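Results of the structural survey
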Amino acid sequence: MWCSWQWSLQSWALLRCLGFCQATCPQLCHRPLPHWGCFSSCCFFGSVEKAPVQLDVLQEPLAFLAPSDPMKCLLCVAVGCVAVTLAHGWSVLQHLAKNSKGVYMPHSLKFGSWELRALPFVALPAAAASTTLVRRGLISYFCVVGELAGDEADLPNPLLDLAIGMVVLIGLLGTAIGVWIQVHGMFVDDLVLSVQLPGGEGTIFVDRISDELRAMPVGAGASAVFGGWTTTPGWCIGPALSSIFELEYQGLPERGHDHGSWEAVWPEGPWEPSRGAKRQSSTDSLEGAMRLSMSNSGSRLSSSGSRLQEGMNRTSSVGSTAGDEAGGKFRDGLGPVAGNHKITAQIRFPYKCSNQLVIAGVSCMPWIDVAFPGTSLRLLWASDPEGEFKFSVHVGQLSGPLTSGRLGACFEWGDRCPYRWPLDILAKVLLGLYIGAWPYLADDNSMWGFALHVLAVICPLVFAILVLKYRPHSTLLDNLSLAAACAAVSLTTASAQYYYKGGHPAATIGLTVTLMVLTAVPLFVLAAASALVASFALRFSRQDMQKALVTTIPKWGRDKDSNRERKATNVKVLPIKDGKVAMALPLELPASTSSIPMHVEIKLPAAPAGVKATLVQGEKTIMPIPADLLLLPPDHRTYEMKTQRPVGAVMTQQGGVLLYPAPEHNGGQHWREAVRAFLGPKSPEVLKEAIAAIQEQGKRFGDLTFTTVDIKG
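Predicted model, so just to flag it, every value in this text is computed and none were measured.

It is worth spelling out the nonpolar core at this point. Counting residues in hydrophobic clusters, the biggest one holds 55 residues, and the most contacted among them are Ile 368, Phe 391, Leu 398 and Leu 630. Excluding residues within four positions of it along the chain, Phe 391 makes contact with Leu 213, Ile 343, Thr 344, Ala 345, Ile 347, Ala 360, Gly 361, Val 362, Phe 372 and Leu 377. Core analysis: the second largest hydrophobic core is formed by 33 residues, Val 134, Val 179, Met 186 and Phe 411 among them.

Right, let's talk about a nonpolar patch on the surface for a bit. Among the surface-exposed residues, Phe 450, Val 454, Ile 458, Val 462, Leu 466 and Tyr 470 lie close enough to one another that they form a single nonpolar patch of about 530 Å² accessible area. Here Val 462 lies in helix H12 (residues 447-470). What makes Val 462 partly exposed here is its relative accessible area of 39%.

Here we come to the environment of Lys 612. Its place among the elements puts Lys 612 in the loop between strand S16 (596-603) and strand S17 (613-615). Between the alpha carbons of Lys 612 and Ile 602 there is a distance of 6.2 Å; along the sequence they are 10 residues apart. If we skip the residues at most four places from it in the chain, Lys 612 touches Glu 601, Ile 602 and Glu 689.

Turning next to the packing of aromatic side chains. Inspection of every chain in the model, using the stated rule, returns 11 aromatic pairs. Between the aromatic rings of Tyr 104 and Phe 349, the centroid separation amounts to 5.9 Å while the plane-to-plane angle is 35 degrees, which identifies the pairing as tilted. Taken together, the residues Tyr 104 in the loop between helix H4 (70-99) and helix H5 (113-141) and Phe 349 in strand S7 (residues 343-350) connect sequence positions 245 residues apart. The class of Phe 349 is buried, set by a relative accessible area of 0%. Put simply, the rings of Tyr 104, Phe 349, Tyr 351 and Trp 381 touch in pairs and so form one group of aromatic residues. Lying across the ring of Trp 671, Arg 672 places its NZ or CZ 5.8 Å from the centre.

Okay, the pattern of salt bridges next. Applying the stated criterion across every chain, the model contains 7 salt bridges. Here Asp 369 and Arg 566 are joined by a salt bridge, their closest N and O atoms 3.2 Å apart. Note that Asp 369 is positioned in strand S9 (residues 368-373) and Arg 566 in the loop between helix H15 (545-552) and strand S12 (567-574), a separation of 197 residues in sequence. Judged by its relative accessible area of 0%, Asp 369 falls in the buried class.

What follows is about the packing of helix H11 (residues 420-441) against H12. For the pair H11 and H12, interaxial distance at closest approach is 11 Å and the crossing angle is 155 degrees. Considered as vectors, H11 and H12 are oriented roughly antiparallel to each other. Pair H11 / H12 crosses with left-handed handedness. Every residue of H12 that contacts H11 at Ala 427, Tyr 434, Trp 438 and Leu 441 is listed here: Leu 452, His 453, Ala 456 and Phe 463. Taken together, the residues of the contact of H11 with H12 sort by class into 7 nonpolar, 1 polar and no charged.

About the thresholds
- Residues numbered from 1 in each chain as written.
- Predicted model: local features only at pLDDT ≥ 70, side-chain atom pairs only at ≥ 80, totals over all residues.
- Heavy atoms only, no water.
- Core = buried A, V, L, I, M, F, W, Y, C linked by side-chain atoms within 4.5 Å.
- Buried < 20%, exposed > 50% of the residue type's maximum accessible area, 1.4 Å probe, protein only.
- Contact = heavy atoms within 4.5 Å.
- Patch = residues over 30% accessible without salt bridge, like charges linked within 9 Å, V, L, I, M, F, W, Y side chains within 5 Å.
- Areas by Shrake-Rupley, 256 points an atom, 1.4 Å probe, with all protein chains shown as cover.
- Salt bridge = Lys/Arg side-chain N within 4 Å of Asp/Glu carboxyl O.
- Helix = DSSP H or I, 4+ residues; strand = E, 2+ residues; numbered from the N terminus.
- Phe/Tyr/Trp six-rings, centres within 6.5 Å; stacked < 30°, edge-to-face > 60°.
- Lys NZ or Arg CZ within 6 Å of the ring centre and 35° of its normal.
- Axes fitted to C-alpha atoms, helices over the stretch in contact; angles between N-to-C directions.
- Parallel < 35°, antiparallel > 145°, perpendicular 65-115°, else oblique.
- Left-handed = near helix turned anticlockwise from the far one by under 90°.
- Nonpolar A, V, L, I, M, F, W, Y, C, P; charged D, E, K, R; others polar.

Structure below.
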């Protein structure tokens, strides 16, 4: 049993190092890490002077984490903090190198965000070591020599020890209290809201005014062993993808909840353009200059001659969930994907993204849903000098400088209570004060000494009860882990005094076994969480795009009126220039359509037998769609074009054209005439085969058929 205990603690030390790296990098995961106060208290109680032999033996596997010399302990804490700061600075430099210096930076990279996440790991050892320095400094300074003081009266620099200890303790207490005050002020002023995620999957904290877009959160999914534990928001991954124009929340809290309370739950919308948001001309800002320089390497998505942009009023909005009557009718006809993505965001500056499985948003029409991978944002943004690029997102993708910046540690997705972080620091500082002063208090038989020992035992138990009542974490397992850790701390403080006074051997064995059981609970949760996160990351990286879409986007591939699956396809974006189709971008976007997509290929030069259209089997079809049809919000001018289902498209190396059954959507001509106008008079055989292929597939599969004629050569 003892060997198993040693192996468990050593494994915990390794997992704790991995957890430390995860916690200090907020871009990895929102998961709350299990609590380690029970291990730390046992470790430090076993390393202090006059430590009972039982606790000394228990902490032996973790002795390297608790140096007996307080100066060495503080030095280790300082080295760890410096390492976090250096890693943070390196990440900032990498971001600036990839995204051009001096433009926009994710809120999670602000200095202070990583450091505050690392502070709970070092608060207890720093407080315990600092209290020891203060105690030694006071004893040496006032020359209180005796059995308790030992060699402490001969310290060479008692004032230095006293000053270092006081500075660290005041700094820890000041940080915790300052964060508490700031967080409280955010809720009093309604600057931070607890918002319901789409589909009722939980609540998260979000800025009332958000200016940054995350990737669509990817969850780990249900676990066969842990059930719904891994489906909660705390398991989601969603790195920052872009700075956006400000969006402001315009809703009211749900019935029964008051303003200014962190417990108030707000609906997921609506979101409107911020009243203070101002649009800038792309040539009047650094972002505009970058966009123009990047657009030189690709085609332009739109221009003043676009048939869908003609006569449209340019607005100063950055995004909106409300529209005119046509926009409302349009949304009513959309599928279930659009129902979960009701917020329209406009890109200000996209960050470089190399993971093609990360999804930034969607664009939905009644007959097709198109997804935008994070890798596509920079190309589309750079090719859109008019600044009209918009797509749909959901509330879980929005973030701002408050919930994702320096105080992001207080608003983790796995937390329900934003005060958990400052309370955690305060509790560890108080525990560190008790541990550091324990060698002096151990022999104190006065009423005050007895009262302090009783408080040290009762307070963690009260914390455990409050945890079970108020549930600071979003899952039962995490709350049980925290409660068990608090109970273990209480038992550790009680056993330290009991062992020191020479308790009964039978009771000693019972205390030790109970302490091992209580500390095993958070150890088990930590090991399970680490294994599940690693397994989830490995599984997600091996997915193909269509499977990743189903995992990432709620109800992807489902039709509105039935439970049948939509067909997977790809969309090729067709830029518009001077009212005509220009050369297509080398960009294809994943999509799902309620149409029946068919892919016909015509190869040129023609074979001796003549031009022949061949049906391609076993390949995903490519559906060319004009950029303005895909990217502009619906209004009374674009409503008809977006709601009508095309019969097909013709695509060449130079571009493509979308074909509608109604002449008014083809520039006042029948779709056959639109094909003739696109191909020109030089290729009558190709024209004949293209029209025949579209007609043949339409007869075979009915009005839902979408036939893409791909002319190669």
